[in-house]
Amino acid sequence: MRKNLKRLLAASLFAFSLNFAAPSVHAMPPILPYEEVTEGMHGTAYTVLDTSGEIRTFPIEIIGRMESGKGSQRMIMARTSGTFIEHVGGVLQGMSGSPIYVDGRLIGALAAGIKDLSPYTFFITPIEDMTPLWDMPDTKNKTRIQTVDIVKAVEERKKAEEKEKLRAREKAFDKMTRAEREAEWRDMIAALTGEKTEDKSGAAAEPETSEESDESAEAQEKTEAEEKAYFFTRGFNEAGLRYLQGQLPAGTTFIPLGAPGGNGRLHTRYDATLEGGQPIGVAVVYGDFSIGATGTVTAVDGKKIVAFGHSFMHKGNVNYFMTDADVIGTIAGQSNGVKIANIGSVIGRISQDRETGVAGVLGTFPTAVPVRIHVKDNALGTEETFGAQIAYDEDFLPALSSSIAYAAMSKVSDSLGASTARIRFAIRTNAYEDGKFERRNMYYSAADVGQIAVTELMQAVATIVTNTEKESDLVDVDVDVELSGDRQTALLVSATPDKTTVHPGDTVTFKTKIRPYRKAEETLSIPYQVPKDQVPGTLNLDIRGGGFVPVSPLMLLAQAGLEVPNDEERFKTTEEKLRDLAEAGQNNEIIIAPGASPAPTSEKELKKRIKEAAKASARAAKKEQDKGGVKLLADEKKREKKERFFAPYVIENVIHASLKVEE
């Protein structure tokens, strides 16, 4: 008897654990077709409005159907009333997606209010226009980066944990008295045969009647539907939000919330479930910095969900984080009330962002780019490391990566004005040789050094994601910034060569004087090798900061307002563009390179230069003929011949020198 009781209890415990560990699966509720929706119908809307997580209901009355012609989105106009909805201030942003049922059948999602009019009148997106999102093409999230099957690993770990719990429970049972075992058995039977939990889907809820006065559907058709675009952000301070505002589409409103910790690690739930009426989040950035929006789930079919009843950013096929969300409360306002919610754990992937809503799948996850930013402020003696994951979206990756880097700088340093920044960033990608692109530079700005310090990061990421040859893998981004709350700049004063007459291939040392800001002059010795193929005559040299780009004829034409096609740049590969950026001069470099001749001071000097140029051209042509041919076009792969010397200052000007080259 004892052995049978023990086995029965063990089996019951195992069944009990499976009963509560297995996620519930919701099926698609019955639908009331759009064509059957008529004026005067009454129904019920479902949504969560506070920290309890309880799905609340409020009554709705159908005013009429609206169609604006072929190809336009169908809408249903409705209104609500009652003590509950009046208490929260009417229909709020964040309620978008709230499922609406009539006679136990789903008709659609609460989608938009009426701008500048009553917050109790709104539009409904028909559910028939939302479910097709599940079948739309999904070409995103096709990364070639090898990944581990995390879901499978988690499931195996859970099974092992369940077995361990069962063994521990059996050991505890052996130590129980007879009375304790009988009590345990009674509790277990009660749990296994207890009452079923209340269904929150709301499919059979009875509608409440509305006493609002009748409104003309024809008049309401002339009003403007307002899909209020709010983004919830976490981790951004005021300066970071201002910068972010300038990178995203105009009209975007940000509501800052508290920031999570964890150095950008994803808080992921692999067994999450959702049902209609529950809050849901869509995020493009997740971690120490987060950007996203929250709304309400409209319907669930297995692991597939549709929500919002309108677009997030109207981007079509997308690759965003699906998160759960915790409602904090509501803020009432005339036509602009908001339901405030925190973005929670990542629970799936949003794959469609269309006019009629967003759609995705639970338990699958988007390709993301981890970004790590380490910032050190020497003036304040502070440093911090931040981390975030950016959903792989080619349109937003450049702007979001630079926004996160800027926000990190602005949080560590209390002011980015009149400051110097040294930045290094590395991007692991298959778009560049050896799989890693790296760049360093130094900046100073009297206004905001952070904004200019992130420009090359944005440029590099944009070059990678706009690869015209193939979709590039972008594995991660690593940024290190060192800030100094002073001006570390210098002017070039003079550059004197140790000899003025040289031969091709000779090395000349320039004694170069620089004048740092509010410091004594310093002298640097910088070697320069005359090109081995340099033609005899005057060699004009520029001694300049690396941030000064020599003016080309094409640049002069562009400055004159003429459109100049740059075919050489257009046909460069992504790797060539990245190499150009990697080899571009840094602001703290002193570069010695051939430069343009100074303007002639007289007509006689001009004629002399023309003769010298003609002779040099003839000599060069003869040399090419001796090699077996004449080269008419410049070699595109030929790099500028220059000497580079790094200084501890941002070099702010350019000076000139000349050498006489003899054969």
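Quick caveat: nothing in here was measured; it's all calculated off a predicted structure. (Residues numbered from 1 in each chain as written. Predicted model: local features only at pLDDT ≥ 70, side-chain atom pairs only at ≥ 80, totals over all residues. Heavy atoms only, no water.)

Caption draft 1: Here's a closer look at the overall build of the protein chain. Across its full length, the protein chain holds 13 helices and 29 strands. Intrachain contacts of the protein chain at a sequence separation of at least 6 include 72% that bridge at least 24 residues. Counting every atom, the protein chain has about 33800 Å² of accessible surface; 51% of that belongs to carbon and sulfur. (Helix = DSSP H or I, 4+ residues; strand = E, 2+ residues; numbered from the N terminus. Contact = heavy atoms within 4.5 Å. Areas by Shrake-Rupley, 256 points an atom, 1.4 Å probe, with all protein chains shown as cover.)

Caption draft 2: Structural detail: unusual backbone geometry. Phi at Asp 103 takes a positive value of approximately 55 degrees, unusual for a residue other than glycine. Note on placement: Asp 103 falls in the loop between strand S4 (99–102) and strand S5 (105–114). Unusually for a residue other than glycine, Asp 434 sits at a positive phi of about 65 degrees. Among the structural elements, Asp 434 can be located in the loop between strand S18 (419–429) and strand S19 (436–445). Look at Asp 434 and you get exposed, because its relative accessible area is 82%. (Buried < 20%, exposed > 50% of the residue type's maximum accessible area, 1.4 Å probe, protein only.)

Caption draft 3: Highlighting the pattern of salt bridges. Going through the model one piece at a time under the given rule, you end up with 23 salt bridges. Note that Lys 315 and Asp 393 form a salt bridge whose closest N and O atoms lie 3.8 Å from each other. Taken together, the positions of Lys 315 in the loop between strand S12 (304–307) and strand S13 (316–331) and Asp 393 in the loop between strand S17 (382–391) and helix H7 (397–412) put the pair 78 residues apart, joining distant regions of the chain. Judged by its relative accessible area of 10%, Asp 393 is buried. Of the charged contacts, one joins Arg 515 and Glu 521 as a salt bridge, the two residues approaching to 3.0 Å between their closest N and O atoms. With relative accessibility at 41%, the residue Arg 515 sits in the partly exposed group. Put simply, Arg 372, Arg 424, Glu 438, Asp 478 and Asp 480 are held in one network by salt bridges that share partners. (Salt bridge = Lys/Arg side-chain N within 4 Å of Asp/Glu carboxyl O.)

Caption draft 4: Expanded view of the pairing of S19. Taken across its ten residues, S19 has seven buried, putting it largely inside the fold. Two strands pair when backbone bridges link them, and S18 and S19 are joined in this way by ten bridges, in the antiparallel orientation. Across the sheet, Phe 425 pairs through a bridge with Arg 439, a residue of S19. Between S18 and S19, which pair antiparallel one after the other, the connecting turn spans six residues, and Asp 434 there sits at a positive phi close to 65 degrees. (Pairing = 2+ DSSP bridges.)

Caption draft 5: Layout of the packing of aromatic side chains. Within the structure shown, the criterion is met by eleven aromatic pairs. Clustering of aromatic rings is evident, with ring pairs tying together Phe 231, Phe 254, Phe 312 and Tyr 320. The ring of Tyr 34 is capped by Arg 65, whose NZ or CZ atom sits 5.3 Å from the centre of that ring. (Phe/Tyr/Trp six-rings, centres within 6.5 Å; stacked < 30°, edge-to-face > 60°. Lys NZ or Arg CZ within 6 Å of the ring centre and 35° of its normal.)

Caption draft 6: Focus on the environment of Phe 289. Inspection of the secondary structure assignment puts Phe 289 in the loop between strand S10 (279–287) and strand S11 (290–301). Residue Phe 289 is classed as buried on the basis of its relative accessible area of 0%. Separated by 115 residues in the primary sequence, Phe 289 and Ile 404 place their C-alpha atoms 7.0 Å from one another. Beyond its immediate sequence surroundings of up to four residues, Phe 289 is in contact with Arg 234, Gly 235, Phe 236, Phe 386, Gly 387, Ala 388, Ile 404, Ala 407, Ala 408 and Lys 411.

Caption draft 7: Inspection of the packing of helix H6 (residues 238–247) against H7 at higher detail. The interhelical angle for the contact between H6 and H7, taken along N-to-C directions, is 165 degrees, at an axis separation of 8 Å. When the axis of H6 is compared with that of H7, the two are roughly antiparallel. The handedness of the crossing between H6 and H7 is right-handed. From H6, Ala 239, Gly 240, Tyr 243, Leu 244 and Gln 247 reach across to H7, where they touch Ala 399, Leu 400, Ser 402, Ser 403, Tyr 406, Ala 407 and Ser 410. Residues that form the contact of H6 with H7 fall into these classes: seven nonpolar, five polar and no charged. (Axes fitted to C-alpha atoms, helices over the stretch in contact; angles between N-to-C directions. Parallel < 35°, antiparallel > 145°, perpendicular 65-115°, else oblique. Left-handed = near helix turned anticlockwise from the far one by under 90°. Nonpolar A, V, L, I, M, F, W, Y, C, P; charged D, E, K, R; others polar.)

Caption draft 8: Structural context of H7. The end-to-end C-alpha separation of H7 is 23 Å, in line with the 22 Å expected for 16 residues at 1.5 Å each. In terms of burial, H7 is a largely internal element, 15 of the 16 residues being buried. (Expected span 1.5 Å × (residues − 1).)

Caption draft 9: Expanded view of helix H12 (residues 574–583). Buried residues of H12: Thr 574, Leu 578 and Leu 581, and no others. Buried residues along H12 cover an arc of 60 degrees about the axis, so they all sit on one side. If you follow the buried residues of H12, they end up packed against S19 and helix H9 (455–465). (Arc of directions from axis to C-beta.)

Caption draft 10: Focus on the side chain of His 374. Structurally, the position occupied by His 374 is in strand S16 (residues 368–377). The buried category is assigned to His 374, whose relative accessible area is 19%. Not counting residues up to four positions away in its chain, the partners in contact with His 374 are Glu 383, Glu 384, Thr 385, Val 479, Asp 480 and Val 481.

Caption draft 11: The sheet that holds strand S21 (residues 489–497), seen in detail. If you trace the four strands from one edge of the open sheet to the other, you get S24-S23-S21-S28, paired in mixed fashion. Across the chains shown, the open sheet's two edge strands, defined by having one partner strand only, are strand S24 (522–529) and strand S28 (650–651). Direction of pairing for S21 relative to S28: parallel, over a ladder of two bridges. Within S28, the residue paired with Ala 490 across the bridge is Ile 651.

Caption draft 12: Looking closely at the confidence of the model for the protein chain. Residues of the protein chain with pLDDT of at least 70 account for 69%, and the chain-wide mean is 80. Between residues 1–23, whose pLDDT stays under 50, and residues either more than four places distant or in other chains, the model counts 25 contacts. Low pLDDT, under 50, characterises residues 143–151; the predicted model gives this stretch 13 contacts beyond four residues in sequence or across chains. (pLDDT = per-residue confidence, 0-100.)

Caption draft 13: Quick peek at the nonpolar core. Membership of the largest hydrophobic core comes to 79 residues, with the highest contact counts inside it found for Leu 274, Ile 305, Phe 312, Tyr 320, Leu 400, Ile 427 and Leu 474. Counting residues per element, this core draws most heavily on H7, at nine residues. Counting residues in each nonpolar core, the second largest holds 23 residues, with Leu 524, Leu 539, Leu 541 and Ile 590 among its members. (Core = buried A, V, L, I, M, F, W, Y, C linked by side-chain atoms within 4.5 Å.)

Caption draft 14: Layout of the packing of H7 against H9. Remark: H7 packs on H9, axes separated minimally by 8 Å, with the N-to-C direction vectors making an angle of 155 degrees. The angle between H7 and H9 places the two elements in the roughly antiparallel class. Of the two possible hands of crossing, H7 and H9 adopt the one that is right-handed. Across the interface between the two elements, Leu 397, Pro 398, Ala 399, Ser 401, Ser 402 and Ala 405 from H7 touch Leu 457, Met 458, Val 461, Ala 462 and Val 465 from H9. Here the residues of the contact of H7 with H9 are counted per class, giving nine nonpolar, two polar and no charged.

Caption draft 15: Focus on the side chain of Asn 319. Position of Asn 319 among the secondary structure elements: in strand S13. A polar contact of 2.9 Å, which involves the side chain of Asn 319, links it to the backbone oxygen of Thr 367. (Polar contact = N/O pair within 3.5 Å; in protein donor to acceptor, adjacent residues only side chain to side chain.)

Caption draft 16: Region of the structure containing the environment of Arg 372. Within the fold, Arg 372 resides in strand S16. In this structure Arg 372 comes out as partly exposed when scored by relative accessible area, which is 28%. Taking the C-alpha atoms as reference points, Arg 372 and Ile 404, 32 residues apart in sequence, are found 9.3 Å from one another. If sequence neighbours within four positions are ignored, Arg 372 has contacts with Thr 385, Phe 386, Arg 424, Val 477, Asp 478, Val 479 and Asp 480.

Caption draft 17: Quick look at the pairing of S13. Burial within S13 is extensive, with twelve of its 16 residues counted as buried. Where S10 lies against S13, four bridges are found, and the strand directions are antiparallel. Across the sheet, Val 282 pairs through a bridge with Met 322, a residue of S13. The pairing of S13 with strand S14 (residues 338–354) spans twelve bridges and is antiparallel. Each residue of the ladder has a partner; that of Val 327, found in S14, is Ala 341.

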